[in-house]
Amino acid sequence: MRLTLLFASAVLLSAAEPVTFLRDVAPILNKAGCTSGPCHGAAKGKNGFKLSLRGYDPQYDYQSLLYDLSGRRFNRAQPEQSLMLAKPAQQIPHGGGLRFDADSAYYKTIYNWIAQGVPYGDPAKDAVTSIAVSPALVAMPKPGEKAQISVIAKFADGLSRDVTKEATVESNTPDVAKIDTATARVSGERIGEATLLVRYQGKYATIPVTILNPQPGFVAKKLPQYNYIDRHVDDKLARIKVEASPLVDDATFLRRVTLDLTGQLPTPEDVKAFTADPTPTRVKRSKRIDKLIASPAYADHWTVKWGDLLQSSRKFLGEKGTFGFREWIHEGIATNKPYDKMVRELLVSKGSSYDDPAANYFRTTREPKPTMEKTTQVFLGVRMVCAQCHDHPFEKWTQNQYYQMSAFFSAVGLRPGYEVGEEIIYDTRNDYEMKHPKDSHVVAPEFLVASTAKINIPSNQRRRDALAEWLVSKDNPFFAKAMANRTWSYFFGKGIIDPVDDIRASNPPSNPALLDALTKDFIDHNFDLQHLMRTIVNSRVYQTAITTNEWNAKDTDNFSHAAPRRLGSEQLMDAVTMAAGVRPKFPELPEDTMASQLPDPHVGRDGFLDLFGRPTRESACECERRADFSLPQALNLVNGTTISDAVADPKGRVAKMVLAGKSDTAMIEELYLATLSRVPTKAESDAGVKYLAGGARATRAQDLLWALLNSKGFLYSY
């Protein structure tokens, strides 16, 4: 029997092609799930044995397989008795279960590799240089269709191989496009769009999938196009058979754009004047946009946004530092400081945090690695945190790049200043080198992507200057794109790439042409944020209604109609108090302070603002600000003191209307204008007048105001 097995092994070996770990075996381990997070790719491995996550480090995996526990996983004399074959084939107990059969091609490949002496291979020949996928895009005329995905890998020696079975193909929206992982066959489940992520040995590709509406009768309607945004959105909608909704009316537009640009509601007087203005719609809306951008409330509102991203908080900066940093941000927004200049000032700042408030940027993160992570996430839209311990599992970023980028900040030092709470940011003279965790070698700073401009990286501690020059460059493929995408999200509730701070090949834009056009326009206008915002809100797409039609009711990605957005915490508090005709009460600040003027989350802590999603500014992620709706929030709206005190204030709107002797009809109209930014319908007006006539007029008027402040029409922007 033994002679028979040895003879069979010799025959199999002699007939086999040369097999290497790098080209042949590593892909099998990845496909079989051995290197996945729940298995041996976990941070601490599984059952005493660890591989790199998703096989990002094949050299490490090879060494682990060969030398862990004295190479007990191989029997080179009798390959079929190797643990590396017996366990995944379930010939002996295996916690990971059956990974492949003993008669499978995977088993035979690993068998031959062991029989040939477990060669690693030559990276100059066996490394994968690229993958090609087909089809490049999948368009199905209706749900229920299927398409076969094909993946071809090209190796360093110039040879190519069909690796469809070994590649990993995943769908970002499985209820739209479902993947059979064994065959790489995609099934269209419902009308919509999805993206397939294809991975093979550290190489990535994406395939957009569109399942069209099979209903007959679609005709792309010719809609007005105010600027290039409308053209790019309309082109996409026509391709996927989606019809855009019409424009909103003047009152709805005014409420939406005022909230978006200033964080405040329009006053009743503003609404009446704007809706009565006979100037052509497009012209008067554009003029109002300019007026809002020039208002003090605009600077207050966007100071809050940037305070969140830059983590302006007295927890990190102290009280004086926080107020100084807020004023620096506020001045930059009010004067429309170019975005690239603002970012450059942050990155190269040094000296006293009181004399140069931009230096507070380094006081929140303090160390090179978290500072790098914040810098790339906020200004490039790239999340590098995953690459600290291993190569990024969904992107091309490597662990080496993580430390190369961190090295730009390794020379940043902080020491106490002369005043209480002051810190000095300076360039250290000694011990500023970044060391790699694997072998402690010194890592030289290097840009995340190559620059077309020749930017020299100094070997001394002044490396931050080079980083700033590279990062804000017009040639940087991420800088302008990340800001264009982030700004878009503020006006639509989601980015063209979403999440906005997770730009990667496996998270493609829903409309690449639109994002490219926004990015180019932003660069061409020298990073003018006001121009970017003005362009977005002047578009027809931004001014589209939330009402849907039979063609766009299920569209959530292509901006064919507006989506209701819950007011942010500061917006909501300011809206409540403005509608009630009062001001919020913050004991430590002047009486006329609005929520949008608060310096940091310390003010009003654990109250209304925090309940409704104000971020703590513990991180630079947009996800810290919540826009959900919960039971505690609903109970607070009904029973909390913020609304009840504002409604019952003796100096508030209701009291003033009663004292002024306004008629019931006039009171109802003003309450609707102050809360919903529109006049009531006849039915609403008649019902309101009837209710006020029931007695206790002032109390009943307060009840009506309370009801309107609790309505969905008030809590959301439409």
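Below or above, wherever it landed, is the structure these notes cover. The model shown is predicted, which means the values in this text are computed figures rather than measured ones. (Residues numbered from 1 in each chain as written. Predicted model: local features only at pLDDT ≥ 70, side-chain atom pairs only at ≥ 80, totals over all residues. Heavy atoms only, no water.)

Some remarks on the overall build of the protein
Part 1: Each helix and strand counted, the protein has 29 helices and 17 strands in total.
Part 2: Summarising its shape, the C-alpha atoms of the protein cover approximately 110 × 75 × 45 Å along the three principal directions.
Part 3: Within the protein, the fraction of its 718 residues that count as buried is 53%.
Part 4: Counted over contacts in the protein with a minimum sequence separation of 6, partners at least 24 positions apart contribute 63%.
Part 5: For the protein, the exposed area adds up to about 31700 Å²; of that, 55% sits on carbon and sulfur atoms. (Helix = DSSP H or I, 4+ residues; strand = E, 2+ residues; numbered from the N terminus. Buried < 20%, exposed > 50% of the residue type's maximum accessible area, 1.4 Å probe, protein only. Contact = heavy atoms within 4.5 Å. Areas by Shrake-Rupley, 256 points an atom, 1.4 Å probe, with all protein chains shown as cover.)

A short note on the pattern of salt bridges
Part 1: Enumeration according to the criterion identifies 40 salt bridges in this entry.
Part 2: The partner of Asp308 in a salt bridge is Arg625, with the nearest N and O atoms 2.8 Å apart. Of this pair, Asp308 sits in helix H11 (residues 296-309) while Arg625 sits in the loop between helix H22 (608-611) and helix H23 (631-639), placing them 317 residues apart in sequence.
Part 3: On the basis of relative accessible area, Asp308 is assigned to the buried category, the value being 11%.
Part 4: Assessed through its relative accessible area of 23%, Arg625 is described here as partly exposed.
Part 5: With a shortest N-O distance of 2.8 Å, Arg625 and Glu570 are connected by a salt bridge. Taken together, the positions of Arg625 in the loop between H22 and H23 and Glu570 in helix H21 (residues 569-580) put the pair 55 residues apart, joining distant regions of the chain.
Part 6: A relative accessible area of 9% means that Glu570 is categorised as buried.
Part 7: One network of salt bridges, in which partners are shared, links Asp308, Glu570, Arg617 and Arg625. (Salt bridge = Lys/Arg side-chain N within 4 Å of Asp/Glu carboxyl O.)

With respect to the environment of Gly581
Part 1: Among the secondary structure elements, Gly581 is positioned in the loop between H21 and H22.
Part 2: Here Gly581 falls in the partly exposed class, since its relative accessible area comes to 27%.
Part 3: Sequence-wise, Gly581 and Gln597 are 16 residues apart; in three dimensions their C-alpha atoms are separated by 18 Å.
Part 4: Once you skip the residues sitting within four places of it in the chain, Gly581 turns out to touch Lys651, Gly652, Arg653 and Lys656.

Observations concerning helix H26 (residues 664-675)
Part 1: Look at H26: 17 Å from first C-alpha to last across 12 residues, which is about the 16 Å you get at 1.5 Å a residue.
Part 2: All of the buried residues along H26 are Met667, Ile668, Glu670, Leu671, Tyr672, Leu673, Ala674 and Thr675. (Expected span 1.5 Å × (residues − 1).)

Here's the deal with the sheet that holds strand E11 (residues 351-352)
Part 1: As summarised here, the arrangement of the 3 strands in space is E11-E13-E12, forming an open sheet in which the pairing is antiparallel. The open sheet has two free edges, formed respectively by E11 and strand E12 (412-416), since each of these has just one partner strand.
Part 2: Looking at chain direction, E12 and strand E13 (residues 423-427) are connected through 5 bridges and run antiparallel. Following the sheet pairing, Arg415 is matched in E13 by Ile424. (Pairing = 2+ DSSP bridges.)

A short note on the side chain of Arg464
Part 1: Here Arg464 is to be found in helix H17 (residues 463-471).
Part 2: In terms of polar contacts, Arg464 uses its side chain to reach the backbone carbonyl oxygen of Ser349, at 2.7 Å.
Part 3: Filtering out sequence-adjacent residues up to four positions away, Arg464 remains in contact with Leu347, Val348, Ser349, Lys350, Phe362, Phe408, Phe409, Val412, Ile425 and Asp427. (Polar contact = N/O pair within 3.5 Å; in protein donor to acceptor, adjacent residues only side chain to side chain.)

Some words on the packing of aromatic side chains
Part 1: As enumerated under the stated definition, the model contains 32 aromatic pairs in all.
Part 2: Pairing Tyr716 with Tyr718 gives two aromatic rings, centres 6.4 Å apart and planes at 45°, and the pair type is tilted.
Part 3: Residue Tyr718 is classed as partly exposed on the basis of its relative accessible area, which comes to 21%.
Part 4: Through a chain of ring-to-ring contacts, the aromatic side chains of Tyr298, Trp302, Trp488, Tyr490, Phe491, Phe492, Tyr542 and Phe559 assemble into a single cluster.
Part 5: One Lys or Arg, Arg256, reaches over the ring of Tyr542 and ends 5.8 Å from the middle of that ring.
Part 6: Here the basic side chain of Lys374 rests over the ring of Tyr361, its NZ or CZ set 4.2 Å away from the ring centre. (Phe/Tyr/Trp six-rings, centres within 6.5 Å; stacked < 30°, edge-to-face > 60°. Lys NZ or Arg CZ within 6 Å of the ring centre and 35° of its normal.)

What to know about the environment of Asn552
Part 1: Turning to its location among the elements, Asn552 is positioned in the loop between helix H20 (529-537) and strand E16 (565-566).
Part 2: The class of Asn552 is buried, set by a relative accessible area of 0%.
Part 3: Residues Asn552 and Thr129, 423 residues apart in the sequence, show an inter-C-alpha distance of 41 Å.
Part 4: Here Asn549 takes part through its backbone nitrogen, which lies 2.7 Å from a polar atom of the side chain of Asn552.

Scope: geometric values only; no functional claims are made or implied.
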